[in-house]
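Next come the chains, spelled out residue by residue.
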Amino acid sequence: MPPLFDNHGRKINYLRLAVTDRCNLRCFYCMPEHGIEYLPKDHLLTYEEIVRLVSLLAGMGIEKVRITGGEPFVRKDIMELFRALSRIEGIKQINLTTNGTIAGKWLPELKELGISSVNLSLDTLDPKRFHQITRRDDFENVMATFHQLIKLGIPTKINSVLMQGKNEEDLEGLVNLTRDYPVSVRFIEEMPFNGEGAKYADLHWNHIRILEAIKAIYPDLQKVPDPPFSTSSNYFIPGHQGNVGIIAAYSRTFCGTCNRIRLTAQGTIKTCLYDDGVFNIRDLMRNGATDEQIKQAFLDALNNRARNGFEAEARRLGLPASESMATIGG
Ligand code: SAM
Ligand code: SF4
């Protein structure tokens with residue numbers, strides 16, 4: 001398979017697929033308390049449409065797929081999609097991002113299907129703060145999922161958004177998960193995708209401050225080489241089983257090696273997290289497009305890709321970057 005490149009010579013081999021915009025949590029940095037206006041169900045890509053698209057993309061050079069959302073497990077029969085994706089030739093890795101509230105019962109089957117890794121979102125180790133952040137009482141369920149992931153030996157990364165006045169007290173406890181378990185804990189800069197727009201004039205917990213705060217606890221923190229295409233800058237604490245990562249998602253330091261495209265639940269191609277969608281592939285498919293026409297639509301999108309997240313944001317035609325992350329997939 002010849003590799004796929006964008007107009008800036010970046011290799012593209014990774015598809016992030018939001019399978020729903022619905023969610024059973026209301027994380028304040030992602031959705032307003034009253035939720036967002038969900039897409040009508042017939043606007044979502046069907047599983048058949050997703051499988052067709054992923055098969056075509058696998059033939060173009062996509063090797064890795066991440067299932068995300070909204071919360072993937074609130075979509076009916078989501079395991080059908082995992083089963084179908086696991087049979088697509090050329091897809092070497094299937095990954096999942098989940099809030100862990102209802103995923104637990106499906107983990108053994110996901111392991112059997114050969115899932116490569118699971119990103120579990122967990123911003124706090126305190127049940128009260130969990131409620132303040134997610135506006136729901138699911139802390140115990142998420143922790144049960146965490147322990148099950150460890151028990152099953154599924155490679156696990158913890159995603160934590162670090163926020164001023166919300167979960168700063170959790171920094172040390174979250175870092176210490178890497179001491180007690182073989183997990184990677186990644187601290188993510190908060191982005192303005194909360195369904196309302198950014199409330200901060202200047203982001204306090206940027207990647208530099210996050211690093212300084214971790215170093216203040218563990219002065220022997222050591223940089224480790226980052227895997228190719230990594231969005232996180234990665235560190236190791238001597239004696240710990242796992243790594244710590246920092247994702248400069250708002251500062252956008254990693255655009256130069258970005259290897260990913262996104263498909264939203266309604267089939268909009270995004271070539272950058274910060275663009276407002278470049279093309280709706282669902283409509284093209286439902287109007288009877290051939291495989292060649294669909295492939296060409298992806299190539300056209302990649303041939304007009306913004307150089308980085310700042311350019312993508314500047315090119316937006318609609319609202320400023322403020323939509324809920326549940327519509328993008330993270
Ligand atoms: N519901 C699943 C979950 O929470 O893991 C998958 C979708 S969620 C949109 C994907 C990731 O985006 C989560 O790790 C979440 O923490 C992150 N996220 C959501 N809103 C964010 C924001 N405004 N800034 C930074 N990260 C955000
Ligand atoms: Fe739901 Fe994930 Fe958004 Fe939280 S971050 S509201 S769990 S989609």
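In this text, all values refer to a predicted model and were calculated from it rather than measured experimentally. (Residues numbered from 1 in each chain as written. Chains lettered and ligands numbered in written order. Predicted model: local features only at pLDDT ≥ 70, side-chain atom pairs only at ≥ 80, totals over all residues. Heavy atoms only, no water.)

**Student:** Before we go on, may I ask you to explain the overall build of the protein chain in this structure?
**Tutor:** Within the protein chain one finds 10 helices and 14 strands. In terms of overall dimensions, the protein chain is globule-like: its C-alpha atoms have a radius of gyration of 19 Å, near the 20 Å expected for 330 residues. The principal-axis extent of the C-alpha atoms belonging to the protein chain is close to 55 × 40 × 40 Å. Put simply, 72% of the contacts in the protein chain that link residues at least 6 apart link residues at least 24 apart. Computed over 40 positive and 40 negative side-chain charges, the separation of the two mean positions in the protein chain equals 3 Å. (Helix = DSSP H or I, 4+ residues; strand = E, 2+ residues; numbered from the N terminus. Rg over C-alpha atoms; globule rule 2.2 N^0.38 Å. Contact = heavy atoms within 4.5 Å. Lys, Arg positive; Asp, Glu negative; His and termini not counted. Charge placed at Lys NZ, Arg CZ, Asp CG, Glu CD.)

**Student:** Before we go on, may I ask you to explain the pattern of salt bridges in this structure?
**Tutor:** A side chain of one charge can pair with a side chain of the opposite charge when the charged atoms of the two come close. Under the definition given, this model contains 18 salt bridges. The partner of Arg129 in a salt bridge is Asp170, and the shortest N-O contact between them spans 2.7 Å. Taken together, the positions of Arg129 in helix 4 (residues 127-134) and Asp170 in the loop between strand 7 (156-161) and helix 6 (171-180) put the pair 41 residues apart, joining distant regions of the chain. Pair check on accessibility: Arg129 and Asp170 agree, each one buried. Of the charged contacts, one joins Arg316 and Glu323 as a salt bridge, the two residues approaching to 2.7 Å between their closest N and O atoms. Note on Arg316: relative accessible area 12%, which makes it buried. Residues joined in a network through salt bridges with shared partners are Asp6, Arg10 and Arg305. (Salt bridge = Lys/Arg side-chain N within 4 Å of Asp/Glu carboxyl O. Buried < 20%, exposed > 50% of the residue type's maximum accessible area, 1.4 Å probe, protein only.)

**Student:** Help me out: how do you make sense of unusual backbone geometry in this one?
**Tutor:** Backbone phi values are negative for most residues with the exception of glycine, while trans is the configuration of most peptide bonds. Although it is not a glycine, Asp77 adopts a positive phi angle of roughly 55°. By the element assignment, Asp77 lies in the loop between strand 4 (64-68) and helix 2 (78-86). On the accessibility criterion, Asp77 (42% relative accessible area) is partly exposed.

**Student:** Explanation requested: the sheet that holds strand 13 (residues 268-270) in the structure shown.
**Tutor:** Sheet strands pair via backbone hydrogen bonds, and the direction of the pair is either parallel or antiparallel. Taking strand neighbours across the sheet as the criterion, the 12 strands line up as 9-10-11-8-7-6-5-4-3-12-13-14 in an open arrangement whose pairing is mixed. At either end of the open sheet lies a strand with only one pairing partner, and these are strand 9 (222-223) and strand 14 (279-280). By the bridge criterion, 5 bridges tie strand 10 (residues 232-236) to strand 11 (residues 243-247) in an arrangement that is antiparallel. Bridge pairing in strand 11 links Tyr235 to Val244. The strands touched by helix 1 (residues 47-58) within the sheet are strand 3 (14-18), strand 4 and strand 12 (260-263), with strand 3 carrying the most contacts at an inclination of about 170°. (Pairing = 2+ DSSP bridges. Axes fitted to C-alpha atoms, helices over the stretch in contact; angles between N-to-C directions.)

**Student:** Just to check I follow, could you spell out the site of ligand 1 for this structure?
**Tutor:** The environment of ligand 1 is formed by 19 residues, the closest being Tyr29, Gly70, Ser121, Asn159 and Met191. Measuring from an oxygen atom of ligand 1, one finds a side-chain N or O atom of Ser121 at 2.6 Å. Measuring from a nitrogen atom of ligand 1, one finds a backbone N or O atom of Met191 at 2.8 Å. For ligand 1, the protein covers 95% of the area, taking 540 Å² as the surface of the free molecule. Elements represented by at least two residues in the shell around ligand 1 include exactly strand 5 (93-98) and strand 7. When its residues are assigned to classes, the shell around ligand 1 shows 6 nonpolar, 10 polar and 3 charged. (Near = heavy atom within 4 Å. Polar contact = N/O pair within 3.5 Å; in protein donor to acceptor, adjacent residues only side chain to side chain. Areas by Shrake-Rupley, 256 points an atom, 1.4 Å probe, with all protein chains shown as cover. Nonpolar A, V, L, I, M, F, W, Y, C, P; charged D, E, K, R; others polar.)

**Student:** Explain the site of ligand 2 to me, please; I cannot follow it from the model alone.
**Tutor:** Taken together, Cys23, Leu25, Cys27, Cys30, Gly70, Asn99 and Ala326 make up all the residues around ligand 2. Among the residues making up the shell around ligand 2, the classes are represented as 5 nonpolar, 2 polar and no charged.

**Student:** How should the pairing of strand 8 (residues 184-188) be read in this particular structure?
**Tutor:** A regular strand places its side chains so that they alternate between the two faces of the sheet. When you tally the buried positions in strand 8, you get 5 out of 5 residues, the bulk of the element. Going residue by residue along strand 8, you find Ser184, Arg186 and Ile188 tucked away on one face and Val185 and Phe187 tucked away on the opposite face as well. Sheet analysis places strand 7 next to strand 8, joined by 5 bridges and oriented parallel. Looking at the pairing, Val161 lines up with Ile188 of strand 8. The handedness of the strand 7 to strand 8 crossover, carried by helix 6, is right-handed. Where strand 8 meets strand 11, 4 bridges bridge the pair, whose relative direction is parallel. Bridge pairing in strand 11 places Ile188 opposite Ile247. (Right-handed = clockwise from strand over helix to strand, strands pointing away.)

**Student:** I tried to follow helix 2 on my own but got confused; where do I start?
**Tutor:** Residue pairs spaced three or four apart in an α-helix point in one direction, given the helix's 3.6 residues per turn. Of the residues making up helix 2, those classed as buried are Ile78, Met79, Leu81, Phe82, Ala84 and Leu85. Check the buried side of helix 2 and you find it contacts helix 1, strand 4, strand 5 and helix 3 (107-112).

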